[in-house]
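Overview (structure and organization)
So you can see what is in the structure, the chains are spelled out below.
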Amino acid sequence: MDFIKKNYLYLIIGVLFLVILLQRCTSDKLITPVPPVVKIDTVWVKHDSVIYSKPKIVTIIKGVPEIQYVPDTSYSKLVIQYKSLVDMCTAKNVYSDTLKIDSIGYINVLDTISKNRIQGRRFKYDLKYPVVTKTITLQAPPKTQVYIGGGLQGNQYTLVNQFNAGLLLKTKKDQIYGVYTGMNTDGQVQFGLQSYWKISFRKNK
């Protein structure tokens, strides 16, 4: 016991050296890489609306009169011809066309034409398309970790009869080595060495 008390510091250094040596001895084991976690979510987004607009004239191309539009020499026939042209010009022609956009929906175009001009235009669309979100979660690379802590011990006769302190070294391969030292109520010094290995439980497929 006197030897332990006199060489207490050297014994702790020796235990730490032994822990590091054990850690080095297992460094040739391969580290199994943890694959990234990939999560894919698909949300269907629906858009529908009605838009009204009035196109502007950008170019006027002069037309060539056809034979039926040449003024008649008879006044009575000229009046009939004039009224026919007025009715044709002032009438409103409504054109509707539906454009299918692949499988996500359609766009409906409604044009109103009068006096040789587009008086108004309406767009109506109903679209439904998927938005795919891909989330990749990368696992943190393994690293060596060191922990420091302590504890208390007792028995059925004495609630606390010893306290101790120690260091834990966790390697990149999830192996844990530890050293600890303590002293009981009688003044006796104790020390020890610990080693732990991770246990893997395979799930039944």
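Our subject in this report is the structure included herewith. Please read all numbers here as calculations on a predicted model, not as lab measurements.

Of note, the phi angle at D102 is positive, near 50°, even though the residue is not glycine. As for its placement among the helices and strands, D102 is situated in the loop between β2 (93-101) and β3 (105-114). With a relative accessible area of 64%, D102 lands in the exposed category.

Judged by side-chain polarity, V38, I40, V132, I136 and L138 come together as a nonpolar surface patch covering roughly 500 Å² of accessible area. Every element with two or more residues in the nonpolar patch is listed here: β1 (37-53) and β4 (117-137). Tracing the backbone through its elements, the reader meets L138 in the loop between β4 and β5 (145-153). Using a relative accessible area of 65% as the deciding quantity, one classes L138 as exposed.

Here we have four strands laid out as an open sheet, ordered β5-β6-β7-β8, and antiparallel in their pairing. Two strands in the sheet have a free side with no partner beyond their single neighbour: β5 and β8 (189-196). For this sheet, the mean inter-axis angle between neighbouring strands, taken without regard to orientation, is 15°. When strand β7 (residues 176-184) meets β8, the two strands line up antiparallel, connected through eight bridges. Note that in β8 the partner of G182 across the bridge is Q190.

Under the counting rule described, the total for this entry stands at three salt bridges. In this structure, the salt-bridge partner of K170 is D174, at a minimum N-O distance of 3.8 Å. For K170, a relative accessible area of 24% gives the class partly exposed. When the shortest N-O distance is used, the salt bridge between K198 and D174 registers 3.3 Å. On the criterion of sequence distance, the pair formed by K198 in the segment after β8 and D174 in the loop between β6 (162-170) and β7 is long-range, its members being 24 residues apart. Residue classification places K198 among the exposed positions, given a relative accessible area of 58%. It is possible to trace a salt-bridge network through shared partners that takes in K170, D174 and K198.

Rules of the game
- Residues numbered from 1 in each chain as written.
- Predicted model: local features only at pLDDT ≥ 70, side-chain atom pairs only at ≥ 80, totals over all residues.
- Heavy atoms only, no water.
- Helix = DSSP H or I, 4+ residues; strand = E, 2+ residues; numbered from the N terminus.
- Buried < 20%, exposed > 50% of the residue type's maximum accessible area, 1.4 Å probe, protein only.
- Patch = residues over 30% accessible without salt bridge, like charges linked within 9 Å, V, L, I, M, F, W, Y side chains within 5 Å.
- Areas by Shrake-Rupley, 256 points an atom, 1.4 Å probe, with all protein chains shown as cover.
- Salt bridge = Lys/Arg side-chain N within 4 Å of Asp/Glu carboxyl O.
- Pairing = 2+ DSSP bridges.
- Axes fitted to C-alpha atoms, helices over the stretch in contact; angles between N-to-C directions.

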